[in-house]
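Read off the chains here:
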Amino acid sequence: MRWMPLFIILILSMLSGIYLFNNIKEFNRRRVALVSLIYVTFLGTILFTPMSFTGTSVYIMPAGIGSVNLYHITYDLGFIENIALTVPLGFLIKRAFSNVSVVSMIPIGLMTGAAIETMQYYLSHMFLINRTSDISDVVANGIGIVIGATLVLVYRYVYEKKILEKWI
């Protein structure tokens, strides 16, 4: 029962991969879509299963309902890891919704972080995956998403500038 979220993630990823592989014919678009799918699968595995990654090791968390921290924001290594973990997500969100401004990405990032933590809370109670729902993670996820969105703008600026320099 504890591994049900992992099985669902893997089945959805496999079906999505088959769909992408069969329906996207252009090599670069297919590559970007499949790499994005691998990232989202990895992210889902880290966030919604009893597997935990500490940066140097992987371990299975014991069964439990986790805990909730709604008041204390801690700035530690886990905070930085959560930022790094969601930078690609911000990149993907901004790439998918290019007309959304970076300022608008702030509430989107915070809402995404809150949704992740809420989902962890419910999955911890339903499947005993023992995840902690933490306000620090919400803030870190929001920061990571905004950084990822900003990197898209920087990339586009540099890339467009290089294109203009070729024509001049």
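The model shown is predicted, which means the values in this text are computed figures rather than measured ones. (Residues numbered from 1 in each chain as written. Predicted model: local features only at pLDDT ≥ 70, side-chain atom pairs only at ≥ 80, totals over all residues. Heavy atoms only, no water.)

**Side note on the packing of aromatic side chains**
- Evaluation of the coordinates by the stated rule reveals three aromatic pairs.
- Between Tyr75 and Phe79, the aromatic rings sit 4.9 Å apart at their centres with planes inclined by 75 degrees, giving edge-to-face as the arrangement.
- Ring plane angle 80 degrees and centroid distance 5.4 Å describe the contact between Tyr121 and Tyr122, whose orientation is recorded as edge-to-face.
- Judged by its relative accessible area of 32%, Tyr121 falls in the partly exposed class.
- Using a relative accessible area of 48% as the deciding quantity, one classes Tyr122 as partly exposed.
- Here the basic side chain of Arg30 rests over the ring of Phe21, its NZ or CZ set 4.3 Å away from the ring centre. (Phe/Tyr/Trp six-rings, centres within 6.5 Å; stacked < 30°, edge-to-face > 60°. Buried < 20%, exposed > 50% of the residue type's maximum accessible area, 1.4 Å probe, protein only. Lys NZ or Arg CZ within 6 Å of the ring centre and 35° of its normal.)

**As for the nonpolar core**
- Membership of the largest hydrophobic core comes to 18 residues, with the highest contact counts inside it found for Leu43, Leu47, Phe48, Leu89 and Met105.
- Going through the elements one at a time, helix H2 (27-48), helix H3 (77-96), helix H4 (102-127) and helix H5 (135-167) are the ones with two or more residues in this core.
- Looking at which element gives the most residues to this core, the answer is H2, with five residues.
- Residues within four places of Met105 in sequence aside, it is in contact with Gly90, Ile93, Lys94, Val100, Ile145, Val146 and Ala149. (Core = buried A, V, L, I, M, F, W, Y, C linked by side-chain atoms within 4.5 Å. Helix = DSSP H or I, 4+ residues; strand = E, 2+ residues; numbered from the N terminus. Contact = heavy atoms within 4.5 Å.)

**What to know about the confidence of the model for the protein**
- The predicted model of the protein has a mean per-residue pLDDT of 91, with 96% of residues at 70 or higher.
- At the low end of the mean pLDDT range in the protein sits strand E1 (residues 51-53), at 84; at the high end sits helix H1 (residues 4-23), at 96. (pLDDT = per-residue confidence, 0-100.)

**A look at the packing of H3 against H4**
- Their axes nearest at 12 Å, the elements H3 and H4 cross at an angle of 125 degrees. Relative to H4, the element H3 is oriented oblique. Once H3 is placed against H4, the crossing between them reads as right-handed. Here H3 contributes Leu89, Gly90, Ile93 and Lys94 to the contact with H4, which in turn contributes Met105, Ile108 and Thr112. (Axes fitted to C-alpha atoms, helices over the stretch in contact; angles between N-to-C directions. Parallel < 35°, antiparallel > 145°, perpendicular 65-115°, else oblique. Left-handed = near helix turned anticlockwise from the far one by under 90°.)

**Quick word on the environment of Leu20**
- Residue position: Leu20 is located in helix H1.
- For Leu20, a relative accessible area of 16% gives the class buried.
- For Leu20 and Leu37, which are 17 residues apart along the polypeptide, the C-alpha to C-alpha distance reads 9.2 Å.
- When near neighbours in sequence (up to four residues on either side) are disregarded, Leu20 contacts Arg30, Ala33, Leu34 and Leu37.

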